[in-house]
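# Descriptive structure summary
Below are the chains, spelled out letter by letter.
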Amino acid sequence: MYKIIRKRVLNPYVKSMDIHAPAIAKKAEPGQFIILRVYEGGERIPLTIADYNRVEGTVTIIFQEVGKTTQLLGNMEEGQHLLDFVGPLGEASHLEGYKKVAVIGGGLGTAIAFPQAKKLHSLGAQVHLIAGFRNKDLIILEEEMTAISDEIFITTDDGSNGNKGFVTNVLQNQIDQGNEYDLVIAIGPLPMMKAVCDLTRDYEIKTIISMNPVMIDGTGMCGGCRVTVGGKTKFACVDGPDFDGHLIDFDEAMRRQSMYKDQERSSAKDHEC
Ligand code: FES
């Protein structure tokens, strides 16, 4: 059983929890994820490790209440326990050797991009953090992001924070102003990651994205998380979740992501009853 040590509400839909899991905290690296189960017989969901504290033995997860399991999780309080918390899973991000990096987060993807940006900063890279949200009420982790970036740009789709536009507009501006990035990391909704990759492809800037497909076992056995990368089938849970964004078949990934929408809706409805 895994105790919820701290719970924070980051915006009306997004919560953060520090879970006591010393064995995972000891080995966790940016880019890796955990799979949790709230109760016996419940769904297993993968969540990216948003941060870790090796001294305290805690792992931070950040999630949006979009379905039955994340709603159940969001209703849990400090002091309660999760049934299963397995990890760290997946390949850690390879972040050594870069000089100037644009780390881009879209919505909740910002929470996933945060540990990458933090590690790059600690390795001495110059980090430009670009985060996009639908409106100002959904902005998360502003203080934390500011602390680990050399420059930060927060943009909103509706301009309610004073900066209207998409993350791709900001990235294009920065490139136009002469910033020479040797790496771009983009994490967020598939259409956003695709748009970033379309832009960076023209400038031949290496671009890493993080895939978050449906996962079942998380061990490479079930094939549920398959993605096509450079024409080859890969499993996000063991080969990723980071991949070369210029090689991903985004159209297939978007089709697969919408496959279980009906089941998810009906499961969430059952939970309401
Ligand atoms: Fe089953 Fe990746 S979740 S193969």
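All values derive from a computational prediction rather than experimental measurement. (Residues numbered from 1 in each chain as written. Predicted model: local features only at pLDDT ≥ 70, side-chain atom pairs only at ≥ 80, totals over all residues.)

## A word on the sheet that holds strand β5 (residues 58-64)
Taken in spatial order, the seven strands of this open sheet run β6-β1-β2-β5-β4-β3-β7, and their pairing is antiparallel. At either end of the open sheet lies a strand with only one pairing partner, and these are β6 (81-82) and β7 (84-89). As judged from the four bridges shared by strand β3 (residues 33-37) and β7, these two strands associate in the antiparallel manner. Within β7, the residue paired with I35 across the bridge is V86. Lying on the sheet, helix α2 (residues 68-75) is in contact with β2 (14-20), β4 (44-53) and β5; it crosses β5 at an angle near 125 degrees. Contacts from helix α3 (residues 109-122) reach β4 and β5 within the one sheet, and its direction differs from that of β4 by about 40 degrees. (Pairing = 2+ DSSP bridges. Helix = DSSP H or I, 4+ residues; strand = E, 2+ residues; numbered from the N terminus. Contact = placed C-beta atoms within 7 Å. Axes fitted to C-alpha atoms, helices over the stretch in contact; angles between N-to-C directions.)

## A word on the pairing of strand β11 (residues 183-187)
With five of five residues buried, β11 is to be regarded as a mostly interior element. The alternating pattern of β11 places L183, I185 and I187 and V184 and A186 on opposite faces, both of which are buried. Of the pairings in the sheet, the one linking β11 to strand β12 (residues 207-210) comprises three bridges and is parallel in character. What sits directly across from V184, in β12, is T207. In this fold, β11 hands off to helix α6 (residues 190-203), which returns the chain to β12; that crossover is right-handed. (Buried ≥ 20, exposed ≤ 12 C-beta atoms within 10 Å, placed from the backbone. Right-handed = clockwise from strand over helix to strand, strands pointing away.)

## Considerations on the sheet that holds strand β10 (residues 151-156)
Strand order across the open sheet formed by six strands is β10-β9-β8-β11-β12-β15, with mixed pairing between neighbours. Unpaired on one side and paired on the other, β10 and β15 (242-244) mark the two borders of the sheet. Taking the axes of each pair of neighbouring strands and ignoring which way they run, one obtains an average angle of 20 degrees across the sheet. Of the strands in this sheet, β8 (100-106), β11 and β12 are in contact with α6, which crosses β12 at around 170 degrees.

## Observations regarding the UniProt feature "binding site: [2Fe-2S] cluster" (unreviewed entry) in the chain
Per the UniProt record, the feature "binding site: [2Fe-2S] cluster" (unreviewed entry) sits at C222, C225 and C237. For the residues just named, distributed over 16 residues, the greatest C-alpha separation is only 10.3 Å, placing them together at one site. Looking at where C222 falls in the secondary structure, it is placed in the loop between β12 and β13 (226-229). Sequence-distant contacts of C222, defined by excluding residues within four places in its chain, comprise I216 and D217. With respect to the element layout, C225 can be found in the loop between β12 and β13. Among residues more than four places away in sequence, those in contact with C225 are P213, V214, M215, F235, A236 and C237. (UniProt positions renumbered as here; feature names shortened; annotations may be inferred.)

## Some details on α3
Helix length check: α3 (14 residues) gives 20 Å between terminal C-alpha atoms against 20 Å at 1.5 Å per residue, within 8%. Among the 14 residues of α3, eleven are classified as buried, and the element is accordingly described as predominantly covered. Within α3 the residues assigned to the buried category are G109, T110, A111, I112, A113, F114, P115, Q116, A117, K118 and L120. G124, located one to two residues past α3, shows a positive phi value of around 95 degrees. (Expected span 1.5 Å × (residues − 1).)

## A look at unusual backbone geometry
Look at the link from G87 to P88: it is a cis peptide, with omega at -5 degrees. Structurally, P88 is set in strand β7. For the bond from G240 to P241, the omega torsion is 10 degrees, close enough to zero to count as cis. We note that L141 has phi near 60 degrees; this positive angle belongs to a residue other than glycine. Assignment of secondary structure puts L141 in the loop between β9 (126-133) and α4 (142-147). One non-glycine residue, E204, lies in positive phi territory at about 55 degrees. Tracing the chain through its elements places E204 in the loop between α6 and β12.

## Quick word on the confidence of the model for the chain
Of all residues in the chain, 95% have pLDDT values of 70 or greater, and the mean over the chain is 90. We note a pTM of 0.88 for the whole complex and an ipTM of 0.98 for its interfaces. (pLDDT = per-residue confidence, 0-100.)

## Notes on helix α5 (residues 167-176)
Listing the buried residues of α5 in full gives V167, T168, V170 and L171. The arc that holds every buried residue of α5, seen down its axis, measures 160 degrees, which confines them to one face. Tucked into the core, α5 has its buried residues touching β8, β9, β10 and α6. (Arc of directions from axis to C-beta.)

## Description of the environment of G109
Looking at the secondary structure, you find G109 in helix α3. Judged by local crowding, G109 falls into the buried class, with 23 C-beta atoms found within 10 Å. As for G109 and L120, which are separated by eleven residues in sequence, their C-alpha atoms are 17 Å apart. Not counting chain neighbours up to four residues away, the residues in contact with G109 comprise I187 and G188.

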